[in-house]
Amino acid sequence: MKYLAIDSHLFIKNRKKFSAKLAHNTFAIFNANDVMPTNADGTMPFRQNNDLFWLSGVDQEESLLLLYPENPNEKEREILFLKETNKEIAIWEGAKLSKEDAFNASGIRTVYWLEELESKLKELIIKADAVYLNKNIHSRAATEVETRDDRFRKKITEKFASKQIKEVAPIMHELRSIKSDTEIALMQKACDITEKGLRRILPFIKPGVMEYEIEAELMHEFLRNRSNGFAYQPIIGSGIDSCVLHYIENNKACNDGDILLMDFGAEYANYASDLTRTVPVNGRFSERQRAVYSAVLHVMKEATSMLRPGTIYKEYNVEVGKLMEAELIKLGLLDKHDVQKQDPKNPLYRKYFMHGTSHYLGLDVHDVGSIETPMQEGMVFTCEPGIYILEEALGIRLENDILITKDKPFDLMGNIPIELEEIEDIMNA
Ligand code: GLY
Ligand code: MN
Ligand code: MN
């Protein structure tokens, strides 16, 4: 791992919050993510399961966490099962976590090697009234691949058919949606690295520069700051591709006079940041670009001020839609009379602003959390309005990451240039 060690108290406290939510005499199991294959003997880089990480800080493949808060055997209320290093692993990959390393990372004293899992599980399952298992129930998840947790569930339900199974995901979504101070500091760090990336590329952007050259500059800045890289596939889209919401080809030259939309964020210690800035390739906004940019920025500022305790996500989106509607009328893109007659279920502004304004942010970019629950202190949301005018090859989105606090919303990206003049000044410095 490139990130600095995290104080294990974060994970100790997280387990405490989690344990308080479990039913009487039950335990929960969390599996690491798989190392995903590519082709031949190739694999994707390992990315830890975020629930297991949130509860343990263990960032190693094949790990398993078992939490049994009411186990009469106090030593086995928290158990980590880890892959043991052998000579072969030590030579080819380097040593895996020792029991001492695992304790330092997690604060968990009972660490067993994976060989002990089966017999230990049998022993504990007999004692417990039910077992909580993990599953990816994210509303936007669309994967055909079976996870390690899915395979584990199959084994458990076959072997112990009569045991009651409970779902851990709703508990994790609720807990992870509220960020502690330590987590906020890690997220701030991710945002600060993203800021360095933006400041590096603004003077670098010129007519003729390739979109992938900008991506490469960002990666350089991220890695040298202890980030593992992008928190998600970066979008570096110039001209017409500024209107393609998930453009990730990043393979064109940026042309004089065109707009350039860049949606990228560094990850740090598995936490995501998520930024969008839209800039003129030649360093000076045209009048039309300026007008659309100002409209988006206005909506963003108003929307940000609504990210407060008590705000209901759905109502917030309706309000932002109204703000957007007014801006689109001013820009001549919508007609006031048409808007008055529109179907409220299918408002006209959606032609130019077709995505939501905000999503939870945390260990996941589109982080877990309920959109029914009123907003609460400690939640982090993006704020990312946009206007996409395909006919003009002009897409503008702006995005910052906002912490909900008791008082004013706190912008974790408040130091990152966004005003038109600031952007032009840095690009032309
Ligand atoms: N970068 C993904 C998003 O903005 O939601
Ligand atoms: Mn984004
Ligand atoms: Mn986003």
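Residues numbered from 1 in each chain as written. Chains lettered and ligands numbered in written order. Predicted model: local features only at pLDDT ≥ 70, side-chain atom pairs only at ≥ 80, totals over all residues. Heavy atoms only, no water.

Undergrad: Help me out: how do you make sense of the side chain of Ser358 in this one?
TA: Along the chain, Ser358 turns up in the loop between helix H12 (336-340) and strand E13 (380-383). Of note is the side chain of Ser358, whose polar atom sits 2.6 Å from the backbone oxygen of Thr382. Leaving out residues up to four positions away in the same chain, Ser358 has contacts with Leu307, Tyr313, Tyr316, Phe381, Thr382 and Cys383. (Helix = DSSP H or I, 4+ residues; strand = E, 2+ residues; numbered from the N terminus. Polar contact = N/O pair within 3.5 Å; in protein donor to acceptor, adjacent residues only side chain to side chain. Contact = heavy atoms within 4.5 Å.)

Undergrad: Which parts of the structure should I look at to understand the coordination of the manganese ion (ligand 3)?
TA: For the manganese ion (ligand 3), the protein coordination sphere consists of Asp274 (OD), His359 (NE2), Glu384 (OE) and Glu399 (OE), at 2.1 to 2.2 Å. Because the angles between the six donor atoms bound to the manganese ion (ligand 3) fall within 52 to 154°, the donor set is best described as irregular. When the donor residues of the manganese ion (ligand 3) are listed from N- to C-terminus, their spacing reads D-x84-H-x24-E-x14-E. Here the manganese ion (ligand 3) and the manganese ion (ligand 2) are spaced 3.3 Å apart, with Asp274 acting as a shared donor. Residue Asp274 is found in the loop between strand E11 (271-272) and strand E12 (275-280), and its partner His359 is found in the loop between H12 and E13; the two are separated by 85 residues along the sequence. Accessibility assignment for this pair places Asp274 and His359 in one class, buried. (Donors = N, O, S within 2.8 Å, 3.2 Å for Na, K, Ca; no water. Tetrahedral: all angles 85-135°; square planar, octahedral: opposite > 155°, others 65-115°. Buried < 20%, exposed > 50% of the residue type's maximum accessible area, 1.4 Å probe, protein only.)

Undergrad: Which parts of the structure should I look at to understand the coordination of the manganese ion (ligand 2)?
TA: Taken together, Asp263 (OD), Asp263 (OD), Asp274 (OD) and Glu399 (OE) make up the full set of protein donors to the manganese ion (ligand 2), lying 2.0 to 2.4 Å away. Coordination geometry of the manganese ion (ligand 2): the six donor atoms subtend angles of 56 to 166° at the metal centre, consistent with an arrangement described as irregular. Between consecutive donors of the manganese ion (ligand 2), the numbers of intervening residues give the motif D-x10-D-x124-E.

Undergrad: Explain the site of ligand 1 to me, please; I cannot follow it from the model alone.
TA: Taken together, Tyr232, Asp263, Asp274, His359, His366, Glu384 and Glu399 form the complete shell of residues around ligand 1. Between ligand 1 and His359, the relevant distance is 3.0 Å, taken from an oxygen atom to a side-chain nitrogen or oxygen of the residue. Contact distances for ligand 1 include 3.0 Å between an oxygen atom and a side-chain N or O atom of Glu384. Split by residue class, the shell around ligand 1 holds one nonpolar, two polar and four charged. (Near = heavy atom within 4 Å. Nonpolar A, V, L, I, M, F, W, Y, C, P; charged D, E, K, R; others polar.)

Undergrad: Help me understand the pairing of E12, please; the structure alone is not making it clear to me.
TA: Working note: regular strand, side chains alternate between the two faces of the sheet. With six of its six residues buried, E12 lies for the most part within the structure. Side-chain alternation along E12 places Leu275, Arg277 and Val279 on one buried face and Thr276, Thr278 and Pro280 on a second face that is also buried. Inspection of the sheet shows strand E9 (residues 259-264) paired to E12 by six bridges, in the antiparallel sense. Residue pairing for E12: Asp263 is matched across the bridge by Thr276. (Pairing = 2+ DSSP bridges.)

Undergrad: Looking at this structure, how should I read the sheet that holds E9?
TA: Consider a sheet: its strands pair through backbone hydrogen bonds, and that pairing is either parallel or antiparallel. If you walk across this open sheet you meet the three strands as E8-E9-E12, and the pairing is antiparallel. The sheet is open, and its two borders are formed by strand E8 (235-238) and E12, each paired with just one other strand. The average undirected angle you get between the axes of adjacent strands in this sheet is 10°. For E8 and E9, the ladder comprises four bridges, and the chain directions are antiparallel. Residue pairing in the sheet places Gly237 in a bridge with Leu261 of E9. Against the sheet, helix H8 (residues 181-201) touches E9 and E12, its axis set at about 155° to E9. (Axes fitted to C-alpha atoms, helices over the stretch in contact; angles between N-to-C directions.)

Undergrad: When you look at the pattern of salt bridges in this model, what are you seeing that I'm missing?
TA: Two side chains that carry opposite charge are able to pair once their charged atoms sit near each other. As enumerated under the stated definition, the model contains 32 salt bridges in all. Of the charged contacts, one joins Glu424 and Arg284 as a salt bridge, the two residues approaching to 3.4 Å between their closest N and O atoms. One end of the pair, Glu424, is in helix H13 (residues 420-427); the other, Arg284, is in the loop between E12 and helix H10 (287-306), with 140 residues separating them in the sequence. Note that Lys322 and Glu319 form a salt bridge whose closest N and O atoms lie 3.4 Å from each other. Remark: Glu319 and Lys322 occur in helix H11 (residues 313-330); sequence separation between them is three residues, near one turn of the helix. Exposure remark for Lys322: the relative accessible area of 47% places this residue in the partly exposed category. The class for Glu319 is partly exposed, based on a relative accessible area of 37%. (Salt bridge = Lys/Arg side-chain N within 4 Å of Asp/Glu carboxyl O.)

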